[in-house]
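# Structure at a glance
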Amino acid sequence: MKTKSEAILEDNDALNNPSNETEEQEQSKSKRILNTVINVILVIAIVVAVVATYVSFVSTSGNGVPNIFGLRLFSIQTDSMYPELMPGDLVVGTNVKDKGELRPNDIITYWTVIDGERVLNTHRIVEIYDGGGYWIFQTKGDNNTIEDPLTVHESEVVAQYKFRIPGIGKVFNYLQTSTGFLLVVVLPVFIFFIYHLVQFFRVLFEYQNVKNRIKYEQERGRTEDLIAAHAKAEAVREAERAKMEAEIREQLRAEMMAEMAAKEQSAEQTEQSEDNNE
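Residues numbered from 1 in each chain as written. Predicted model: local features only at pLDDT ≥ 70, side-chain atom pairs only at ≥ 80, totals over all residues. Heavy atoms only, no water.

### Some points on the overall build of the protein
From N to C terminus, the protein includes 4 helices and 8 strands. When the 278 residues of the protein are sorted by exposure, 22% land in the buried category. Accessible surface for the protein amounts to roughly 19800 Å². Of this, 59% is attributable to carbon and sulfur atoms. (Helix = DSSP H or I, 4+ residues; strand = E, 2+ residues; numbered from the N terminus. Buried < 20%, exposed > 50% of the residue type's maximum accessible area, 1.4 Å probe, protein only. Areas by Shrake-Rupley, 256 points an atom, 1.4 Å probe, with all protein chains shown as cover.)

Dropping the structure here:
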């Protein structure tokens, strides 16, 4: 609770220093803008991290290929499909339920063996053979002079090419490395957690400071009330003492006047008796 004098002093300070309030408002606005920018950046990083984690580790289906909402994602590693596809492109394809719908000139992604290793490859269909109950596809890279040495069984077909995103395949590859996962997934999540933890404790400390300030003001207000009550009681007692003293003085004055009157009367009676004797 503020006394009247303190309120007047604060009002005078506010009138004498109008720039302080403006500076505080500008600082508060700057802090809000900074917090908003940081939150947006961190949220974007978290979204990228979640998508990267989902694509790289969670969303693999039975054929071991990442997919998002039915879209299969692949990164082009070589220039065998130049100029249609470039190294570093991110290829987006869809699952082919009926392999009989594929036609020559379609681009497909499939499992094959290159240099003794089972890998995904994206080439164009040049011939289709009926294997008697299943389909066999002959493929070839647009930039290659010869057809692929191994044909593709329909069970090895993963997706049919739909479109590409230039350059994003490099990011996709990087996210699948341990370093990329650490920098793009773990680090943003850690920063996001630390930032909001600091924000939480800052708000908590501010709340405690405000709470303590209010408690202090309340205690100070109660103390001032006690002082005011004590002063009022002292004033009442002082008034009662003054009234009592006035009554006592008036009573003494009356007694003195009565005593003086009695003495004067006695003296007159004495003089009269002396005169009578003479």
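### Here's the deal with the pairing of strand 8 (residues 157–165)
Sheet topology note: the strand 3 (residues 90–94)/strand 8 ladder contains 5 bridges and is antiparallel. By the bridge assignment for strand 8, Gly-93 is matched with Tyr-161. Here strand 4 (residues 107–114) runs beside strand 8; their pairing, made up of 3 bridges, is antiparallel. Along strand 8, the bridge assignment pairs Ile-108 with Gln-160. (Pairing = 2+ DSSP bridges.)

### Concerning the pattern of salt bridges
Evaluation of the coordinates by the stated rule reveals 8 salt bridges. Arg-124 is paired through a salt bridge with Glu-84; the nearest N and O atoms lie 4.0 Å apart. Note that Arg-124 is positioned in strand 5 (residues 117–130) and Glu-84 in the loop between strand 2 (71–75) and strand 3, a separation of 40 residues in sequence. Overall, Glu-84 belongs to the partly exposed group, its relative accessible area being 32%. One salt bridge connects Asp-142 with Arg-124, and the closest N-O pair in it is separated by 2.7 Å. (Salt bridge = Lys/Arg side-chain N within 4 Å of Asp/Glu carboxyl O.)

### A few points about the packing of aromatic side chains
In the structure shown here, the tally under the stated rule is 2 aromatic pairs. The interplanar angle of 70° and the centroid separation of 5.4 Å between the aromatic rings of Phe-200 and Phe-201 together place this pair among those described as edge-to-face. Ring geometry for Phe-201 versus Phe-205: centroids 6.3 Å apart, planes at 35°, classification tilted. Of this pair, Phe-201 and Phe-205 are both found in helix 4 (residues 178–277), 4 residues apart, which corresponds to roughly one turn of the helix. When its relative accessible area of 36% is taken as the criterion, Phe-201 is described as partly exposed. Following the ring pairs from residue to residue traces out a cluster consisting of Phe-200, Phe-201 and Phe-205. (Phe/Tyr/Trp six-rings, centres within 6.5 Å; stacked < 30°, edge-to-face > 60°.)

### Some thoughts on the nonpolar core
Counting residues in hydrophobic clusters, the biggest one holds 10 residues: Phe-74, Ile-76, Met-81, Leu-85, Val-91, Ile-107, Trp-111, Val-158, Ala-159 and Tyr-161. Among the elements of the structure, strand 4 and strand 8 are those that each provide at least two residues to this core. One finds Ile-108, Tyr-110, Val-152 and Val-157 within the second-largest nonpolar core, a separate group that totals 8 residues. (Core = buried A, V, L, I, M, F, W, Y, C linked by side-chain atoms within 4.5 Å.)

### Some thoughts on the side chain of Thr-112
The residue Thr-112 is located in strand 4 in this model. In contact with Thr-112, not counting residues within four places along its chain, are Glu-117, Arg-118, Val-119, Asn-121 and Leu-150. (Contact = heavy atoms within 4.5 Å.)

### Regarding the environment of His-153
Assignment of secondary structure puts His-153 in strand 7 (residues 152–153). Classification of His-153 by relative accessible area gives partly exposed; the value is 31%. Once the C-alpha coordinates of His-153 and Lys-99 are considered, the two residues, 54 residues apart in sequence, prove to be 9.9 Å apart. Setting aside residues up to four positions removed in sequence, His-153 forms contacts with Tyr-134, Trp-135 and Ile-136. A distance of 2.9 Å separates the side chain of His-153 from the side chain of Ser-155, its partner in a polar contact. (Polar contact = N/O pair within 3.5 Å; in protein donor to acceptor, adjacent residues only side chain to side chain.)

Read these as layout, nothing more, since geometry by itself doesn't imply function.
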